[in-house]
Every structure is written in C-alpha cells, then in structure tokens.
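Working through the structure, step by step
Read off the chains here:
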Amino acid sequence: MYYDRLDGNQVYSMSGQPPVGYQPTAYYGNITNLASAGGLIGPPGLTMWSGKTAIPQNRSVSLSVQQNIGWGTVLDVSYQLNQGIHRYYLRNLNAIPLGADFAAQYLDPTTAISNPQNPPHLPAAFERPNYPGFGDINQHDFGGRSNYNGLQIAVNHRLQHGLTFGFSFAWSRFMSVTSFDPLVPNNNARNYGPNGADRRFIGGINYSYDLPKPGQMLHSKVLGAVADNWTLSGITTFSSGAPFTPSFSTTNGLDITGSGSEGARINVVGNPFANVPQGTPGLPHGVMYFNPNAFAEPAVGTIGTAGVNVMYGPSFINWDMTLGKRIPLGRESRSLTLRVEAFNVFNHVQFTGVNSSFIFNAAGVNTNSNIGALTGERGPRVVALELRAAF
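Presented here is a report on the structure given in the accompanying data block.

Considering the overall build of the chain
In terms of helices and strands, the chain carries 3 helices and 21 strands. Within the chain, the proportion of its 391 residues that are buried is 33%. When contacts within the chain are restricted to residue pairs at least 6 apart in sequence, those whose partners lie at least 24 apart make up 69%. Accessible area for the chain stands at about 23,100 Å²; split by element, carbon and sulfur atoms hold 58% of it.

Printed below as a string of structure tokens:
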C-alpha cells in the first residue's frame, strides 16, 4: 500500500517508502548473519518530495551586431547570457553534524581509544539528531542556479580568388551551484563556482585555399599535371583547460570532519600558479603544473577551504591540415582525388590532465611524488593517405 496526496503544486509521496512499503532482500544467507544483512533492520534512507515544486527555467538574452567589412568578409560580434534558475539537487534533512564522531555522547564506551584524532564512535544512526533511526533523508529541491556570460566573435570570408576562411572565438564564464551542503551556513559560498563545462576561451579557424597553378600560368601540361589543382585546407582549434579541484587522502585514514555526511576539501593556503617549481626531476617531461605548497591538509574538525573547481587544467591548440589534388580523367565526371591528411600536424604535446591527488601522512606532509605532474595527452601526429576514384 502507499499514500499519495496531490494538493495544487504540493505533492507528498510515500510510495515504496518505509514503513508503508519496505522490502529488504538478503541472498545466500543463514540465520546467524541474517540480522546483519544490509538494510534488513535499518536504518533506512528516504527520498521525498515536499512543498511547492518550482519549475526549472532557462532565461536567455543575446545581442548581436553584424558588419560587412569588405573583401567578402562579414564580422559578427555578439553577447550571450543564459541564466538557469530552480536547478535540481537533493537536500539531506538528516545529515550527521560536523564533529559528531568526536563528541563525548557518541563515543563507543566498549572500545579503547587508540588514536585520539580518530576515536571509536557509535554507528552513524545514533549521531543523527533530527530523525533518529533513519539514514539520509533526501528531499528533492530546486534551489540551484547557473549563469553563462559570453562574448562571441565570428569572421567569415566567402570564396574569392580560391580562398575561403572562417574564425570563431568565445570568451566566456559558466558558473553554477548544483549541489546542497546541509552542514554549512551559506551553501552558495561553499558550492558556487565554475561549472565542469566552463571553458574561459575557446575558438577555431577553418580555411581552404586553391593553390596557384604554375603549369597553367606557364602553359606547361607536364608541369600542370604535377603542380596544378592542389588545395590546402585545415581546421585549427584552441581552448582553455577544464576546471578541477585538487583532492586528498590520508595514509592513516584520518577522520577530518567527524561527520559521515560531509567530506573535507583540501585547504588553499597560497596561489597555486605562483613560484611553480621548474625542471622538477622525476616528473614526466620535468614539468610541474602548479605549486603543491599552495595546498595543505585541513585541520581535524574542519571542512577545508577549497571551493568548487578552483583551478583550470592545461589548455591546448591543435592543427589538422589536408593537402589534396584533383586529377581529371578525360571527362568532367571522372577524376582521381589524392589527399594527404595530417592530424596534429606539428606534433605538439597537448596534455589533458594534471596529477592533483595529494596523499598526506600522519604528519600532514604530502607523499605523492608526482603531484602537479601533467598527465595524459591528446595523441601524436597521425598522417593518412587517401586515393579516391570518381566516375
């Protein structure tokens, strides 16, 4: 059985939720371990709807100016604003308070304290002050928001004298808060930051050029058979890196926050891009991307100072080019096409990630010797040959 009530915009649902509907399942058990099967006797977790449900919305504003600047070229400059409101996230109404693991009333009296920084404590179900006997109670909420602001520039040149090209560039910022932290007084201050899709700048250039025909100009069929009818084309793309937040772990399993509902973020104690060590021995390519001394292990009982996506990974610029020649075979409908394609034609190393996982020992010292190293790359130069017949 279940009970649903629809009242205007208010929906209350206990469909499939304890205690009305609760169906734990244990496989391959026996009487001695049946009671310890996960979820059999609690504490259960709930997901619920409550109150008025807002409708997620996107609001867009754009302003564009186009101008013919001559020589068959058009310039387009535009501003784009996209604002998202009532974005969806879950709000935990039964979170374990910060420091609960260290509180005297939750210490386990049956276990000796061997590590004062991580004392034995009662199970999490006993540390939830709002609704004891339950696990996480997640409420569907629509308090998230996002905003995108971008300056976009495009230049397009129509085909003239064998040349056509286009250029596009966007300088933008995409910010959002799409998660809720019940253990901080100001959720926006904690979780508002660059969206994972944010790229501060991104652009591209495309072009195609019919190379001069020396055989035709010199009236030489032999020279024309080799040097005429070549076309050079290509695409150049460039972009800033993806945002990320350095993570950390501890070698001794230190309980930082004292709450099973909240994990700590790393502390930011300086400018990560200042005083970056150069020529670091042992690191791939001898390059360190950021200064690891700008980060530190958070103190026990805190949640760390790092925000969301506080750093940006490596940018890239990539050149792909094609050189092609059309060879007529008597009739206009018959021809051979020879193409040489090169991806990453200049064979630049283009990194895709950064080793940003700190490992702190009991003294709070990072033990990851590769921290800050550039990792992964977009691949070396690849050359492809193609011969195609059309008839």
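Looking at the environment of Ser233
Inspection of the secondary structure assignment puts Ser233 in strand 10 (residues 230-239). Judged by its relative accessible area of 22%, Ser233 is partly exposed. When the C-alpha atoms of Ser233 and Ser208 are compared, they prove to be 4.1 Å apart, with 25 residues separating the residues in sequence. With sequence-adjacent residues up to four places away left out, Ser233 is seen in contact with Tyr207, Ser208, Asp320, Met321 and Thr322.

Some points on the packing of aromatic side chains
Using the criterion set out here, one finds 11 aromatic pairs in the structure. Ring plane angle 85 degrees and centroid distance 5.8 Å describe the contact between Phe290 and Phe295, whose orientation is recorded as edge-to-face. Accessibility expressed as a relative area gives 6% for Phe295, which makes it buried. One aromatic cluster in this structure is built from Phe248, Phe290, Phe295, Phe358 and Phe360. One residue, Arg91, lies across the ring of Phe180, its end atom 4.0 Å from the ring centre. Stacked on the ring of Phe316, the Lys or Arg Arg378 has its end atom at 3.9 Å from the ring centre.

Considerations on unusual backbone geometry
For residues besides glycine, phi is generally negative; the peptide bonds are generally trans as well. Unusually for a residue other than glycine, His86 sits at a positive phi of about 60 degrees. Structurally, His86 can be placed in strand 5 (residues 73-92). On the basis of relative accessibility, which here comes to 29%, the residue His86 falls in the partly exposed class. Although it is not a glycine, Asn309 adopts a positive phi angle of roughly 50 degrees. Mapped onto the elements, Asn309 comes out in the loop between strand 14 (295-296) and strand 15 (311-312). Using a relative accessible area of 15% as the deciding quantity, one classes Asn309 as buried.

Structural notes on the pairing of strand 7 (residues 163-177)
In regular strands, side chains alternate between the two faces of the sheet. Here strand 6 (residues 137-160) runs beside strand 7; their pairing, made up of 14 bridges, is antiparallel. Within strand 7, the position partnered with Gln160 by the bridge is Leu163. The turn linking strand 6 back onto strand 7 is made up of 2 residues, and His161 within it adopts a positive phi angle of 55 degrees. Across 2 bridges, the pairing between strand 7 and strand 8 (residues 193-194) is antiparallel.

Considerations on the side chain of Thr322
If you trace the backbone, Thr322 turns up in strand 16 (residues 316-329). The residues contacting Thr322, other than those within four sequence positions of it, are Thr231, Leu232, Ser233, Arg339, Val340 and Glu341.

Here's the deal with the environment of Leu254
Following the sequence through the fold, Leu254 ends up in the loop between strand 12 (247-250) and strand 13 (267-268). Relative accessible area serves as the criterion here: at 13%, Leu254 is assigned to the buried category. C-alpha of Leu254 to C-alpha of Asn118: the two residues are 136 residues apart in sequence and 6.3 Å apart in space.

Side note on the pairing of strand 10
With 9 bridges joining them, strand 9 (residues 201-210) and strand 10 adopt antiparallel strand pairing. The residue bridging Tyr207 from the neighbouring strand is Gly234, located in strand 10. Here strand 10 pairs with strand 16 via 10 bridges, running antiparallel. Across the sheet, residue Trp230 finds its bridge partner in strand 16, namely Lys325.

Let's talk about the side chain of Asn318
For Asn318, the location among the structural elements is in strand 16. Of the polar contacts made by the side chain of Asn318, one reaches the side chain of Gln350; its length is 3.0 Å. Residues within four places of Asn318 in sequence aside, it is in contact with Ile235, Thr236, Thr237, Asn344 and Gln350.

Observations regarding the pattern of salt bridges
Under the criterion given, the structure shown has 7 salt bridges. Linking Arg91 and Asp141 is a salt bridge whose minimum nitrogen-to-oxygen distance equals 2.5 Å. Separated by 50 residues along the polypeptide, Arg91 in strand 5 and Asp141 in strand 6 bring together distant segments of the chain. When its relative accessible area of 25% is taken as the criterion, Arg91 is described as partly exposed.

About the cut-offs
- Residues numbered from 1 in each chain as written.
- Predicted model: local features only at pLDDT ≥ 70, side-chain atom pairs only at ≥ 80, totals over all residues.
- Heavy atoms only, no water.
- Helix = DSSP H or I, 4+ residues; strand = E, 2+ residues; numbered from the N terminus.
- Buried < 20%, exposed > 50% of the residue type's maximum accessible area, 1.4 Å probe, protein only.
- Contact = heavy atoms within 4.5 Å.
- Areas by Shrake-Rupley, 256 points an atom, 1.4 Å probe, with all protein chains shown as cover.
- Phe/Tyr/Trp six-rings, centres within 6.5 Å; stacked < 30°, edge-to-face > 60°.
- Lys NZ or Arg CZ within 6 Å of the ring centre and 35° of its normal.
- Pairing = 2+ DSSP bridges.
- Polar contact = N/O pair within 3.5 Å; in protein donor to acceptor, adjacent residues only side chain to side chain.
- Salt bridge = Lys/Arg side-chain N within 4 Å of Asp/Glu carboxyl O.

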